[in-house]
Amino acid sequence: MSTDPMAEIRASFFIECEELMESLQDALVILDEDGGDSETINVVFRAVHSIKGGAGAFGFDDLVAFAHRFETVLDQLRAGKLELTSDATKLFIQGADLLHDHIRAAQSDSAPPAGAEDVLKALEALMGDAAPDEDEAVDFTPATLGFSLDLPGLDDEPQLPVELPVWRIEFRPRAELYASGNEAVLILRALAALGETRVDCHVPDDLALSADTAEQPQLGWTVRLEGEMTEADIREVFDFVTDVCDLAITQDQPAAGEPVPFDHPVAEAAMTEPPALENASPLRLDSGSIVAAANEDVPAVAAGAAPPDPATRNRAARPESEPAAATVRVDLERVDRLVNLVGELVINQAMLAQSVTEAGIGENPSVMNGLEEFMMLTRDIQDGVMMIRAQPVKPLFQRMARIIREASAAVGKEVRLRTEGEATEVDKTVIERLADPLTHMIRNSVDHGIETPDVRQAAGKAAEGVITLSASHRAGRVLIEVADDGAGINRPRVREIAVSKGLIPADAQLTDAEIDNLLFLPGFSTARQISALSGRGVGMDVVKSAITALGGRVTISSAACVGTKFSISLPLTLAVLDGMVVRVADETLVVPLSSIVETATLSPGDVRRIGRSTEVLHIRGDFVPLFDLGVQLGFRRAPASADESIVILTTQEDGSRAALIVDQIMEQRQVVIKGLNRNYGPIPGVAAATILGDGQVALILDPSDLTHPTAPEGEDEIALAG
């Protein structure tokens, strides 16, 4: 781990950039869907402004330049000088995408992304005559500075009604203000937008304009502001610079009809030395983040900190008795080490319980009470550690929104993303390894699922297609679904292509589900010609391999003219699970508890035979397929006797059920997952392995795979090693 403090601060900056980009994307979605409100627009502006300020401190010139021009357009929107149209919102979204690319380029020290200039020019074209001239330069000379600053909307001799509040703002930047990418003129313009304003610039008599003093701020400003605003409104303008400037805000109380002169001795004295900041609290620098501990009367947003969530923009202020939640950033390697230690703790707890039983002291109340408390404590520690690793899928879903925009533009279709269950939490490792397969599925839905606008309109649909990306917890697993409202799978064409490629015999009798699963075969593609998105027969087979490697399953459901849904079922975590320990043919196995509905004693009268080899179990008025676990895994050739066995009723994510015959149920236990895929590759019916309390290695089964043994190779729904 690096000991360079600047490296740590830089890493912290990029983490904060990700948080700011998340807030920016949320706000842009609100603007795109319902137009949002002024606070939503402020969230967009603040995010870009904060990124620019932090980038300036690290010298990321390309990022600062792009963010500055983007921010200028957003400032016009915030001031009400731009109309928020659908085309404008799309440009803002493109600008946000490129801003994220610039952040990635700065992080990797690579070249800035291409195409940024075209988008910036399109954004600046929205401002019309207000667009900045590329050749325009600012002349910093005493003659141009003078004692007054010409700002848009300022009156040299304002006629101010005495009944409105009059505020005096005394503002002197420090060197850090400019180093962080901020500009005093933008702050003064923001003040001018609040009400009737007059600004006096204080220039020292010994002003020296030279290369030696170029980095030293020498100017100060006194602003007189009148209008319907509060001190909090004024301080909001200085949100990002309160720690890098000297600031004093006071309310004047002029006599009726008497203007307050700006050459008053108090004003002159105030600018000869830094003004006292009576209403601001101290600031400190912590790991590259400017943290402001503002009092309850002075709301402040720290530079580089995440702006308010748009979803809570109308929420009342947090009461003083409820402090904001504190967070801490920890290296992921430390969390992984903690997870491994918890796994070892679980194993040792099981070994201790086994030793107590074998020693014959399990009847001792004190020992059993202590052992039970130890088990509960172990479970609480494990749950807490898993919560540390769990992360919401929202950032992953936001990445898919850009994939859809780029893919739909490439094929000339209109597609919109709808998300559900963004707050669903999944293990961080699962989220990271899910990005690539989900990208393939999204592109597949855009290219093959959604029709072109003219075809959709001819079918009575809206020209714009919709892809719904959802996440939820179900049966102890996480279910992620990608659904489109397109034409559905053309099964006759899929079958025809599979036969022509020699993937299936011409006389093969396949169900609809089996035809749908042909899409996962290597080399299969329904594209009529190769494009940027598809046509090379690589994609869906990669999706299945990646999902399988995570211990998951992927299934398809489709209806003609309605659409297609891909469902991905994944484990909540790759570390620990609750399981039922069973014995089958002298072998110890673990069945995940999340897939078990109930257990029952098997009797011959409950078993029905269908055909030559298929058996079903009649239970509670329903018939479910019956499988002997020992036969399925090859531990024995003949099925066990029905009157000597126990049956476990299992369920899958799609609601289907199956019954597994076992010889003995030993106990329910929390087990540590040890993946087999790296050393042994995929093993049908086996998800992973674990170490039991007596040191024995036991296989963790995947009931969904075991209950689909007759599906042809390559067409099943396999869930393999974690």
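The following refers to the structure shown. (Residues numbered from 1 in each chain as written. Predicted model: local features only at pLDDT ≥ 70, side-chain atom pairs only at ≥ 80, totals over all residues. Heavy atoms only, no water.)

## Brief notes about the packing of helix H11 (residues 332-358) against helix H12 (residues 365-389)
It is at 10 Å that the axes of H11 and H12 come closest, and there the two elements cross at 160 degrees. When the axes of H11 and H12 are compared, the pair comes out roughly antiparallel. The two elements H11 and H12 meet at a crossing, and its hand is left-handed. Every residue of H12 that contacts H11 at Leu 332, Val 335, Asp 336, Leu 338, Val 339, Val 342, Leu 345, Val 346, Gln 349, Leu 352, Ala 353 and Val 356 is listed here: Val 367, Met 368, Leu 371, Phe 374, Met 375, Thr 378, Ile 381, Gln 382, Val 385, Met 386, Ile 388 and Arg 389. (Axes fitted to C-alpha atoms, helices over the stretch in contact; angles between N-to-C directions. Helix = DSSP H or I, 4+ residues; strand = E, 2+ residues; numbered from the N terminus. Parallel < 35°, antiparallel > 145°, perpendicular 65-115°, else oblique. Left-handed = near helix turned anticlockwise from the far one by under 90°. Contact = heavy atoms within 4.5 Å.)

## Remarks on the sheet that holds strand E2 (residues 196-202)
Spatial ordering of the open sheet is given by E2-E3-E1-E4, a layout of 4 strands whose pairing is antiparallel. Two strands close off the open sheet at either side, each with one partner strand: E2 and strand E4 (245-252). The mean angle between the axes of side-by-side strands here comes to 15 degrees, regardless of whether they run parallel or antiparallel. Looking at chain direction, strand E1 (residues 166-173) and E4 are connected through 8 bridges and run antiparallel. (Pairing = 2+ DSSP bridges.)

## Some points on the pattern of salt bridges
Scanning all chains against the criterion turns up 28 salt bridges. The shortest N-O distance in the salt bridge between Arg 46 and Glu 236 comes to 2.0 Å. Placement of the pair is Arg 46 in helix H2 (residues 38-58) and Glu 236 in helix H9 (residues 231-237), with a sequence separation of 190 residues. Residue Arg 46 is classed as buried on the basis of its relative accessible area of 7%. (Salt bridge = Lys/Arg side-chain N within 4 Å of Asp/Glu carboxyl O. Buried < 20%, exposed > 50% of the residue type's maximum accessible area, 1.4 Å probe, protein only.)

## Some details on H12
Its 25 residues give H12 an end-to-end C-alpha distance of 36 Å, which sits within 8% of 36 Å, the value for a rise of 1.5 Å per residue. Leu 371, Thr 378, Gln 382, Val 385, Met 386 and Arg 389 are the residues of H12 that are buried. Buried residues belonging to H12 abut H11, strand E7 (390-392), strand E9 (425-427), helix H14 (428-449), strand E14 (576-584) and strand E22 (664-672). (Expected span 1.5 Å × (residues − 1).)

## Observations concerning the pairing of strand E17 (residues 607-610)
Where E17 and strand E18 (residues 614-619) come together, 4 bridges link them in antiparallel fashion. What sits directly across from Ile 610, in E18, is Thr 614. The turn linking E17 back onto E18 is made up of 3 residues, and Gly 611 within it adopts a positive phi angle of 75 degrees.

## What about the packing of aromatic side chains?
By the definition in use, this model includes 8 aromatic pairs. Ring pairs connect the aromatic residues Phe 13, Phe 14, Phe 58 and Phe 60, which therefore count as one cluster. (Phe/Tyr/Trp six-rings, centres within 6.5 Å; stacked < 30°, edge-to-face > 60°.)

## Structural notes on the environment of Asp 578
Turning to its location among the elements, Asp 578 is positioned in strand E14. When the C-alpha atoms of Asp 578 and Val 590 are compared, they prove to be 9.2 Å apart, with 12 residues separating the residues in sequence. Apart from the residues lying within four places of it in its own chain, the contact partners of Asp 578 are Arg 379, Pro 592, Leu 593, Arg 669 and Gln 670.

All quantities given are derived from atomic positions and should not be read as evidence of function.
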